[in-house]
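Understanding the architecture of this molecule
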Amino acid sequence: MVAESGDKMIYCIPVRGVFKTNCYLYADEKTRHALLIDPGAQANELLKLIKDNHFIVEKILLTHGHFDHIGAVNRLCKELGVHVYAHKNSDDYLMNPVKNLSAYYDPITVSNAKYLYDGDVIALEANHSMALKVIETPGHTEDSIVLHSEKDKVAFVGDTIFQGSIGNYTYPGGNRNDLIRSIKNKIFALPDDTMLLSGHSAQTTVIAEKQNI
């Protein structure tokens, strides 16, 4: 678990496919309703954790469409009866194994994603005070987003920024200038004490990364 305070719990669940990726569960302790973020692999293990802890996943959210963040989506959507939500540009990645990088391993496609737009707010139906705001952060991919809770002082940043480093911008659709702008103008505009939860590193904060970049 990353954090627990008030009515919220945040679980970091490392899953391993080709790479180890941090999947997150943003959950309401009282109702056990939750949002699942970036389920990249190991659907069976995620389903067991959800069942054993009596969580009710309302939605699956993606920070971007690379294969190591979407590998368990199809199975989880089917088993949990939920929809997956991703940036409006996500189909270029979700439907293209070359662009989502799965073509080099075991091709993956994800269809019927519901679109998210900059400024959208995704709230738990069971507790509207638990909500994440969508912030477009292109650079690692064209569909990269950050999911920010001002109330809980946390941002799920995908692969845009890590503890002590920035995301890879050499994959299809990546762009270094866009990535730096996204970090400096979007992520560094968040309060300094915002916890940054990434796809592949330990947690960090805005103020700590301002000193690294």
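Attention here is on the structure that accompanies the text. (Residues numbered from 1 in each chain as written. Predicted model: local features only at pLDDT ≥ 70, side-chain atom pairs only at ≥ 80, totals over all residues. Heavy atoms only, no water.)

Attention shifts here to the overall build of the chain. A tally of helices and strands in the chain yields six helices and 15 strands. Scaling as 2.2 N^0.38, a compact globule of 213 residues should have a C-alpha radius of gyration of about 17 Å, and the chain matches this with 16 Å. In terms of principal-axis extent, the alpha carbons of the chain reach across some 45 × 40 × 25 Å. Within the chain, the fraction of its 213 residues that count as buried is 53%. Partitioning the intrachain contacts of the chain with sequence separation of at least 6 by distance along the chain shows that 58% fall at a separation of at least 24. For the chain, the accessible surface area stands at approximately 9,400 Å², while carbon and sulfur atoms represent 48% of it. On the chain, the mean spot of the 21 positive side-chain charges and the mean spot of the 26 negative ones are 1 Å from each other. (Helix = DSSP H or I, 4+ residues; strand = E, 2+ residues; numbered from the N terminus. Rg over C-alpha atoms; globule rule 2.2 N^0.38 Å. Buried < 20%, exposed > 50% of the residue type's maximum accessible area, 1.4 Å probe, protein only. Contact = heavy atoms within 4.5 Å. Areas by Shrake-Rupley, 256 points an atom, 1.4 Å probe, with all protein chains shown as cover. Lys, Arg positive; Asp, Glu negative; His and termini not counted. Charge placed at Lys NZ, Arg CZ, Asp CG, Glu CD.)

Those residues of helix α1 (residues 43–52) not exposed but buried are Ala43, Leu46, Leu47 and Ile50. Seen end-on, α1 carries its buried residues on one side only, within an arc spanning 100°. Its buried side turned inward, α1 meets β2 (8–16), β3 (20–28), β4 (33–37), β5 (56–61) and α3 (73–80). Backbone geometry just after α1 places His54 at a positive phi near 60°. (Arc of directions from axis to C-beta.)

Turning next to the pairing of β2. Sheet topology places β2 next to β3; nine bridges connect them, and they run antiparallel. Residue Ile10 lies in a different strand from β3, and its bridge partner there is Tyr26. Taking the residues that link successive antiparallel strands as the turn, the β2-β3 hairpin has three residues. (Pairing = 2+ DSSP bridges.)

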